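Report on the structure
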Amino acid sequence: MDETGTGMNHGESEEWLSARPNWRRWGWYGLGVVVLASIVGSVNRGLIALIAEPMKQSMALSDSEIGLLTGLALTFVTAIATYPVGWIADRFDRRWLLAGCILIWTVATVGFGFATSFRGLFLCAMGIAAGEAVLGPVTYSMIPDLFPKERWVAANFVFVTATLLGTYLGMALGGSLFGWVAANAAVLPGFVAGLEPWRATIVLSALTGPPLAGMVFVMRLVRMTPPHAKSAQSGVAAYFRENARTTVGIFFGFGLSYAAFGAQAQWNAVILQRLFKETPAQIGQFLGVFGAAAAVAGVCLAWLAVRSLRARHGDETPMLVARLALLCALVVSLPIPFASKAWHFYAVILAKIGFTFMANSLSPTVLQLMSPSPIRGRVVALGGMVTIVAASFMPWLVGLLSDHVFTGPRGIILAMAAVAIPGLAGGLLALHWGSRTLGETIARAQAREVHP
């Protein structure tokens, strides 16, 4: 094992570098484009959460229908599409795949803004989800193609940090855009003139898609596949049989914990508007600035923790730090049902953002270390499917509980706590169980690794 704890020796590094002599220039450019794609996708989802309350009032939707839009339609379809996308990502040019999916979600986002019924909103949300299914399999399987193995942790941290900053900046800009659109309806471009502010905001947000697709085609992605790699690609079933406990525990652990965070994130704006009378612009601007600070602080703390503990725990360090961070996230979530003022709720949100992103920033490295390169796209895709399936039902479950169980004035915050807190606890238990065999899985993955 080298000094970075990745398990890559000097000979392997030299072989990788000789195959990609310009990796620094094109590696960082490629990472930058993938970051932008992730930001644009996250901004679309964040805007839908931000405009959920005015959309509910405008179209007379129930909380259950809002939950179906932000959960089932916007995420479950991603789960269905993720594995086929991962299969394609292991075999074909990822630039075409990424650019095509960007254009798909751009068209669907515009359609969402013009939809006049719940069915139309649902179908367009499904289109957004289908397009965004590319982000997980392509991103986390592309980073090992862009950087030598000893740079994976650093590249993942850069990706996560830049994405977080961009996402929360996008949230702030989204809130500001919503406020500007509401105040300047008379000067809007003709194609959105006369639309309600929430509609005009979501349509205008889609304009970044076509230029981004063009940037993807400029990327230079070199994928070296030696003759014996093709036969290794058929070993997905054998891989999961050999590593059943690890994969089930890690997939469901990260999946449930991320879904629990998402169940809260999808309803934060609604709760702040409904219970604490905050406006979409105020919410977007506050969480855009302070949410970004909390998320970046969590990522930086994860990097420091991994760096200080890696000499003792080796490749299992990212998993250890992630579990400790999620335990802290669970503790700070417990006061959610008792929040009585806006600042109380904001404080819980920011603390949970920090600890959750401290953990989730390490999940890509864990998945990369535990999966050999010939099947990495599909391993990541299957892990993403578990996460997305859980994330697709949790927001809907919150809405269902709000409509039928917790029907009082504070029903929505109680419903959210009743879903998010047990989900996070279940994720922690699954990670603990799966971590028992993680070291063996990493060793097997390194033995099957294919190098150019």
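Here we come to the overall build of the protein chain. Regarding its fold elements, the protein chain presents 20 helices and zero strands. Relative to its 452 residues, the protein chain shows a buried fraction of 58%. Restricting the contact set of the protein chain to residue pairs at least 6 apart, pairs at least 24 apart contribute 85%. Carbon and sulfur atoms make up 68% of the accessible area of the protein chain, which totals about 17600 Å².

Between its first and last C-alpha, helix 16 (residues 342-360) extends 26 Å over 19 residues, near the 27 Å set by a 1.5 Å rise per residue. Along helix 16, 14 of the 19 residues are buried, which leaves the element largely enclosed by surrounding structure.

Right, let's get into the confidence of the model for the protein chain. Mean pLDDT over the protein chain stands at 80; residues scoring 70 or higher make up 86%. Ignoring residues within four places in sequence, the model shows residues 1-12, a span with pLDDT below 50, making 26 contacts including any to other chains. pLDDT under 50 marks residues 224-233. Its contacts with residues more than four places away, or in other chains, come to 16 contacts.

Looking now at the nonpolar core. If you look at the biggest cluster of nonpolar residues, it comprises 129 residues, and the most contacted ones within it are Met55, Phe112, Leu121, Phe345 and Met370. For this core, the element with the highest residue contribution is helix 13 (residues 244-274), accounting for 12 residues.

Right, let's talk about the environment of histidine 404 for a bit. As for its position among the elements, histidine 404 is in helix 18 (residues 376-404). For the pair histidine 404 and alanine 415, spaced 11 residues apart in sequence, the C-alpha separation works out to 9.9 Å.

We now examine the side chain of glutamine 273. Examined against the element boundaries, glutamine 273 turns out to sit in helix 13. Exposure remark for glutamine 273: the relative accessible area of 11% places this residue in the buried category. The contact partners of glutamine 273, leaving out residues within four places of it in the chain, are Leu50, Glu53, Pro54, Glu278, Pro280 and Ile283.

The description of two helices packed together rests on the angle between their axes and the distance between the axes. The contact between helix 5 (residues 94-114) and helix 10 (residues 209-218) brings their axes to 9 Å, and the two run at 180 degrees. By the angle class used here, helix 5 and helix 10 are roughly antiparallel. Between helix 5 and helix 10, the contacting residues are Arg95, Trp96, Leu98, Ala99, Ile102, Leu103 and Thr106 on the first element and Gly209, Pro210, Leu212, Ala213, Val216 and Phe217 on the second. The class makeup of the residues in the contact of helix 5 with helix 10 is 10 nonpolar, two polar and one charged.

As a further point, take the packing of aromatic side chains. Under the defined criterion, the tally for this structure stands at seven aromatic pairs. Ring centres of phenylalanine 286 and phenylalanine 290 lie 4.7 Å apart, and the angle between their planes is 35 degrees; this geometry places the pair in the tilted category. Pair noted here: phenylalanine 286 and phenylalanine 290 are both in helix 14 (residues 280-313), with a separation of four residues, about one helical turn. Residue classification places phenylalanine 286 among the partly exposed positions, given a relative accessible area of 27%.

Right, let's get into unusual backbone geometry. At alanine 60, a residue that is not glycine, the phi angle is positive and equals roughly 55 degrees. Here alanine 60 lies in the loop between helix 3 (52-59) and helix 4 (63-89). Positive phi is not limited to glycine here, since lysine 277 has a value of about 60 degrees. Tracing the chain through its elements places lysine 277 in the loop between helix 13 and helix 14.

Where helix 14 meets helix 15 (residues 317-333), the axes come as close as 8 Å, and the angle between the chain directions of the two elements is 130 degrees. As judged from the angle between their axes, helix 14 and helix 15 are oblique. In the crossing of helix 14 with helix 15, the sense of the turn from one axis to the other is right-handed. Of the residues in helix 15, those touching helix 14 at Ala302, Ala305, Val306, Leu309, Arg310 and His313 are Thr317, Pro318, Leu320 and Val321. When the residues that make up the contact of helix 14 with helix 15 are grouped by side-chain class, the tally is seven nonpolar, two polar and one charged.

Next up on the list: the pattern of salt bridges. Evaluated as defined, the whole model comprises five salt bridges. A salt bridge links arginine 274 to glutamate 53, with the shortest nitrogen-to-oxygen separation between them at 3.4 Å. One end of the pair, arginine 274, is in helix 13; the other, glutamate 53, is in helix 3, with 221 residues separating them in the sequence. Assessed through its relative accessible area of 24%, arginine 274 is described here as partly exposed. With its nearest N and O atoms 2.8 Å apart, the salt bridge here joins aspartate 63 to arginine 274. Of the two residues, aspartate 63 is situated in helix 4 and arginine 274 in helix 13; the sequence distance between them amounts to 211 residues. In the salt-bridge network here, residues are joined through shared partners; they are Glu53, Lys56, Asp63 and Arg274.

There is a patch of nonpolar side chains on the surface, built from Trp87, Ile88 and Phe92 and spanning about 280 Å² of accessible area. Relative to the helices and strands, tryptophan 87 resides in helix 4.

What follows concerns helix 6 (residues 118-132). Along an α-helix, a turn takes 3.6 residues, which lines up residues three or four apart on a common side. Between its terminal C-alpha atoms helix 6 stretches 21 Å, which fits the 21 Å expected from 15 residues at 1.5 Å a residue. Taken residue by residue, helix 6 has Gly120, Leu121, Phe122, Cys124, Ala125, Gly127, Ile128, Ala129, Gly131 and Glu132 as its buried positions.

Calculation notes
Residues numbered from 1 in each chain as written. Predicted model: local features only at pLDDT ≥ 70, side-chain atom pairs only at ≥ 80, totals over all residues. Heavy atoms only, no water. Helix = DSSP H or I, 4+ residues; strand = E, 2+ residues; numbered from the N terminus. Buried < 20%, exposed > 50% of the residue type's maximum accessible area, 1.4 Å probe, protein only. Contact = heavy atoms within 4.5 Å. Areas by Shrake-Rupley, 256 points an atom, 1.4 Å probe, with all protein chains shown as cover. Expected span 1.5 Å × (residues − 1). pLDDT = per-residue confidence, 0-100. Core = buried A, V, L, I, M, F, W, Y, C linked by side-chain atoms within 4.5 Å. Axes fitted to C-alpha atoms, helices over the stretch in contact; angles between N-to-C directions. Parallel < 35°, antiparallel > 145°, perpendicular 65-115°, else oblique. Nonpolar A, V, L, I, M, F, W, Y, C, P; charged D, E, K, R; others polar. Phe/Tyr/Trp six-rings, centres within 6.5 Å; stacked < 30°, edge-to-face > 60°. Left-handed = near helix turned anticlockwise from the far one by under 90°. Salt bridge = Lys/Arg side-chain N within 4 Å of Asp/Glu carboxyl O. Patch = residues over 30% accessible without salt bridge, like charges linked within 9 Å, V, L, I, M, F, W, Y side chains within 5 Å.

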